[in-house]
Amino acid sequence: TDGLDINVPQAEQALSFTVSLNASFLFEVPPVVLANGTLVFKTAQYQFGETTAVVTLTDTDDLSFSLTTLFRVKPVNNAPSFTIPTPSLTIVDGDDSITPAFIQNI
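What you see is a predicted model; the values in this text were computed from it and never measured.

Visitor: Report on the overall build of the protein chain, specifying residues and quantitative values.
Guide: When you go through the protein chain residue by residue, the secondary structure sums to 0 helices and 5 strands. Mapped from its N terminus to its C terminus, the protein chain presents α and β elements in the order β-β-β-β-β. Burial status across the protein chain gives 12% buried among its 106 residues. Of the contacts formed within the protein chain by residues at least 6 apart in sequence, a portion of 39% connects residues at least 24 apart. Entry remark: accessible area of the protein chain is about 9000 Å², with carbon and sulfur atoms responsible for 56%.

Visitor: Can you explain the side chain of Thr51? Please cite residues and give values.
Guide: Considering the arrangement of structural elements, one finds Thr51 in strand E4 (residues 49-58). Apart from the residues lying within four places of it in its own chain, the contact partners of Thr51 are Leu21, Asn22, Ala23, Leu26, Phe27, Thr69, Leu70 and Phe71.

Visitor: Any details on the packing of aromatic side chains? Residues and values, ideally.
Guide: Evaluated as defined, the whole model comprises 3 aromatic pairs. When the ring of Phe27 is compared with that of Phe71, the centres are 5.5 Å apart and the planes differ by 85 degrees; the resulting orientation is edge-to-face. Within this pair, whereas Phe27 is found in strand E2 (residues 27-33), its partner Phe71 is found in strand E5 (residues 64-73), the two being separated by 44 residues in sequence. Taken individually, Phe27 and Phe71 each receive the classification buried, so the pair is uniform in this respect. Judged by centre distance (5.6 Å) and plane angle (85 degrees), the rings of Phe41 and Phe71 are edge-to-face.

Visitor: Tell me what's going on with the sheet that holds E4, and back it up with residues and numbers.
Guide: With antiparallel pairing, the 3 strands of this open sheet are ordered in space as E1-E4-E5. Here the strands that pair on one side only, and so sit at the sheet edges, are strand E1 (16-21) and E5. Strand-to-strand, the axes of this sheet are offset by a mean angle of 25 degrees, without reference to chain direction. As defined by bridge partners, E1 adjoins E4 across 6 bridges and the pair is classed as antiparallel. The residue bridging Ser20 from the neighbouring strand is Val54, located in E4.

Visitor: Describe the pattern of salt bridges, and please don't skip the residues or the numbers.
Guide: Enumeration according to the criterion identifies 2 salt bridges in this entry. A salt bridge links Lys42 to Glu28; the nearest nitrogen and oxygen atoms lie 3.7 Å apart. On the criterion of sequence distance, the pair formed by Lys42 in strand E3 (residues 39-43) and Glu28 in strand E2 is long-range, its members being 14 residues apart. The shortest N-O distance in the salt bridge between Arg72 and Glu50 comes to 2.6 Å. Of the two residues, Arg72 sits in strand E5 while Glu50 sits in strand E4, which places them 22 residues apart along the sequence. Since its relative accessible area comes to 46%, Glu50 is described here as partly exposed.

Rules and cut-offs
- Numbering of residues starts from 1 in each chain and follows the order in which that chain's sequence is written.
- Local features in this predicted model are restricted to residues whose pLDDT is 70 or higher, and side-chain atom pairs enter the listing and the counts only when it is 80 or higher, whereas totals over whole chains, interfaces and linings include all residues.
- Just so you know, side-chain values use all the structure's heavy atoms and leave hydrogens and water out.
- Per the convention used, a helix needs a DSSP run of H or I reaching at least four residues, while a strand needs a run of E reaching at least two, with both numbered from the N terminus.
- Buried residues are those whose accessible area, probed at 1.4 Å on protein chains only, stays under 20% of the maximum for their type, while exposed residues exceed 50% and partly exposed ones sit between those limits.
- Should any heavy atoms of two residues lie within 4.5 Å, those residues are considered in contact.
- Computed by Shrake-Rupley with a 1.4 Å probe, the accessible areas treat only the displayed protein chains as cover when residues are assessed.
- Under the pairing criterion, centres of Phe, Tyr and Trp rings, with the six-membered ring standing for Trp, must be within 6.5 Å; the plane angle then separates stacked pairs below 30 degrees from edge-to-face pairs above 60, leaving the rest tilted.
- Only when DSSP finds a minimum of two bridges between them are two strands counted as paired.
- Lines fitted to C-alpha atoms define the axes here, with helix axes fitted over just the stretch in contact, and angles between the N-to-C directions of these axes take values from 0 to 180 degrees.
- When a carboxyl oxygen of Asp or Glu is within 4 Å of a side-chain nitrogen of Lys or Arg, the pair counts as a salt bridge.

Pasting the structure below:
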């Protein structure tokens, strides 16, 4: 066995995850993997598409293992909306009327 005792356990390693993306614009809070394996992220509003993510687990000896996964963010069909800031409009019969900013928050 060349002096190597295979029964001696290796010292406990500190492990950490990293996530690398090629399209970070899809996320308001980019994906991270917690020490317990939980994936946490928040998608960006009004953004959709696909990105490849490389998830890497590294120990204190700088040894690592990586896997690749795909994040697919689907578009949401949001209904259009707007506001009318003035609840009533008074016009005089026969007059032309131009009302700037009649419709807002489109």
